[in-house]
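A look at the structure
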Amino acid sequence: MVTFNNEEHISQIIFRKSAITFCPVADGYNHNHFTISIRPDNILLDYQDIDKYFNTLEGKPLTIEAVTGQVFRYLWDNYSPKYLQVCNDAESNLHMNVQVIKEETKVVSKTLNE
């Protein structure tokens, strides 16, 4: 992964990516359509690295919730953003379409001397 400093002070990046995973519960495939909203702190995204990560998810046995959590953790752990939202609009021919959202804001603690 190549890291880029946020020299332009970009406040928000939104991108979309899809991945097909196998749901072990429904015994069928889910078409996961992700919309990611991220507020970078000091590090900007490496789009090629993220694209490669999404490609590794293809065909893996993951529920909708599990794949959403994995994408979230990958981005949170590698890019340490101020805010991250992972929205997964999952389509399946075995059940209704489902939208799963995981989001978090980085907590910044300050001391009384600051």
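Quick note: structure is the one above.
Report on the accompanying structure. The structure displayed is predicted, hence computed values, not measured ones. (Residues numbered from 1 in each chain as written. Predicted model: local features only at pLDDT ≥ 70, side-chain atom pairs only at ≥ 80, totals over all residues. Heavy atoms only, no water.)

1. A word on helix 2 (residues 64-79)
- Compared with the 22 Å implied by 1.5 Å per residue over 16 residues, the 23 Å span of helix 2 between its first and last C-alpha is a close match.
- Within the span of helix 2, buried status applies to Ile-64, Val-67, Thr-68, Gly-69, Val-71, Phe-72, Tyr-74, Leu-75, Trp-76 and Tyr-79.
- Lining the buried residues of helix 2 we find strand 2 (13-23), strand 3 (28-39), strand 4 (43-44), helix 1 (47-57), strand 5 (83-92) and strand 6 (98-105).
- Backbone geometry just after helix 2 places Ser-80 at a positive phi near 45°. (Helix = DSSP H or I, 4+ residues; strand = E, 2+ residues; numbered from the N terminus. Expected span 1.5 Å × (residues − 1). Buried < 20%, exposed > 50% of the residue type's maximum accessible area, 1.4 Å probe, protein only. Contact = heavy atoms within 4.5 Å.)

2. Considering the pairing of strand 2
- Relative to strand 3, strand 2 runs antiparallel, the two sharing 11 bridges. Each residue of the ladder has a partner; that of Ile-14, found in strand 3, is Ser-37. (Pairing = 2+ DSSP bridges.)

3. Topic: the sheet that holds strand 3
- If you walk across this open sheet you meet the four strands as 2-3-5-6, and the pairing is antiparallel. A strand with exactly one partner marks an edge of an open sheet, and here the two such strands are strand 2 and strand 6. Taken pair by pair, the neighbouring strands of this sheet meet at an average axis angle of 15°, ignoring direction.
- Lying over the sheet, helix 1 contacts strand 2 and strand 3, oriented at roughly 20° with respect to strand 2. (Axes fitted to C-alpha atoms, helices over the stretch in contact; angles between N-to-C directions.)

4. Observations regarding the pairing of strand 5
- Most of strand 5 sits out of view: seven of its 10 residues are buried.
- Relative to strand 5, strand 3 runs antiparallel, the two sharing 10 bridges. Note on strand 5: the bridge partner recorded for Asn-32 is Ala-90.
- Looking at chain direction, strand 5 and strand 6 are connected through eight bridges and run antiparallel. Within the sheet, the bridge partner assigned to Gln-85 lies in strand 6 and is Glu-103.

5. Focus: the packing of aromatic side chains
- The final tally for this structure, using the stated rule, is five aromatic pairs.
- On the basis of an interplanar angle of 5° and a centroid distance of 3.9 Å, the ring pair of Tyr-53 and Tyr-74 is categorised as stacked. Note that Tyr-53 is positioned in helix 1 and Tyr-74 in helix 2, a separation of 21 residues in sequence.
- Relative accessible area serves as the criterion here: at 14%, Tyr-53 is assigned to the buried category.
- We note Arg-39 situated over the ring of Tyr-83; from NZ or CZ to the ring centre the distance is 4.5 Å. (Phe/Tyr/Trp six-rings, centres within 6.5 Å; stacked < 30°, edge-to-face > 60°. Lys NZ or Arg CZ within 6 Å of the ring centre and 35° of its normal.)

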